[in-house]
Every structure is written in structure tokens, then in C-alpha cells.
Amino acid sequence: IKVVLGGLYPNDFYNALDYAALKAMDESMGSWGAEAKLPFLSCTDDGEGHWRAGFAMDAGHPNDAGHEAMYSAVDLRIFDTLLGQTF
């Protein structure tokens, strides 16, 4: 079994304490032994734990632009590596 973790993402209700915990957990996930972690926070975060402008459908969910940013952040070559083949 190959494990790929989806990284964490922002929420417009997060305060500074929530954001500190979010960043710590996102960083910690890299040490959990998964083959890869998808970097969703780094591509959607405004630097304060909230969605970047234009990326939110509501406080807790991305809109189409947010989903596009998350998709674009995924290096699809990780799947070639995990499957041991190139498509």
C-alpha cells in the first residue's frame, strides 16, 4: 500500500493560535512515513491561515480557483514514482 497525504488547507475562521497549530500539523505530516504529502496549504494560504483572495467558496472550502490552485500544486510525477512507471 502506498500512502499519499493531502495536506491541510486554510479556513477563514482561523485565528493566530489556530494558524500556528495548522502550520505545525502540516509540517508534522511530512514525518508520518507517507510516500508523499500534497502541498495544499502553501498554495492557498494568505499567510494568516485564511484563503487567498478569490480562492474560497465559503470560510472552510475552496471555490473553483482554489481547487485549481490545489490541483496545480500537485507534482503528478510523484504518481509515476509511486507506481514505478511513466504514463
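Calculation notes
Residues numbered from 1 in each chain as written. Predicted model: local features only at pLDDT ≥ 70, side-chain atom pairs only at ≥ 80, totals over all residues. Heavy atoms only, no water. Helix = DSSP H or I, 4+ residues; strand = E, 2+ residues; numbered from the N terminus. Buried < 20%, exposed > 50% of the residue type's maximum accessible area, 1.4 Å probe, protein only. Areas by Shrake-Rupley, 256 points an atom, 1.4 Å probe, with all protein chains shown as cover. Lys, Arg positive; Asp, Glu negative; His and termini not counted. Charge placed at Lys NZ, Arg CZ, Asp CG, Glu CD. Salt bridge = Lys/Arg side-chain N within 4 Å of Asp/Glu carboxyl O. Contact = heavy atoms within 4.5 Å. Core = buried A, V, L, I, M, F, W, Y, C linked by side-chain atoms within 4.5 Å.

Here we come to the overall build of the protein. Across its full length, the protein carries 4 helices and 4 strands. Helices and strands in the protein line up, N terminus first, as β-α-β-α-β-β-α-α. If you line up the protein on its principal axes, its C-alpha atoms span 40 × 25 × 15 Å. Here the protein, with 87 residues, has 32% of them falling under the buried criterion. Here the protein has roughly 5600 Å² of accessible surface; of this, 58% comes from carbon and sulfur atoms. Separation between the mean location of the 5 positive side-chain charges and that of the 13 negative ones in the protein comes to 9 Å.

The next point concerns the pattern of salt bridges. Inspection of every chain in the model, using the stated rule, returns 2 salt bridges. The shortest N-O distance in the salt bridge between K37 and D26 comes to 3.2 Å. With K37 in strand β2 (residues 36–38) and D26 in helix α1 (residues 16–28), the pair connects residues that are 11 residues apart, well separated along the chain. The exposure class assigned to K37 is partly exposed, which follows from its relative accessible area of 26%. Under the relative-accessibility criterion, D26 is labelled buried at 12%. A salt bridge links D75 to R77; its shortest N-O distance comes to 2.8 Å.

Moving on: the environment of D45. Looking at the secondary structure, you find D45 in the loop between α2 (40–44) and β3 (56–58). Between the alpha carbons of D45 and E27 there is a distance of 14 Å; along the sequence they are 18 residues apart. If near-sequence neighbours (up to four positions away) are discounted, D45 is found in contact with P10, Y19, H50 and R52.

We now examine the nonpolar core. Core analysis: the largest hydrophobic core is formed by 8 residues, namely L38, F40, C43, W51, F55, A69, M70 and V74. Elements with a contribution of two residues or more to this core: α2 and α3 (64–73). Not counting residues up to four positions away in its chain, the partners in contact with W51 are Y9, P10, N11, D12, T44, D46, A56, D58, A59, G60, H61 and P62.

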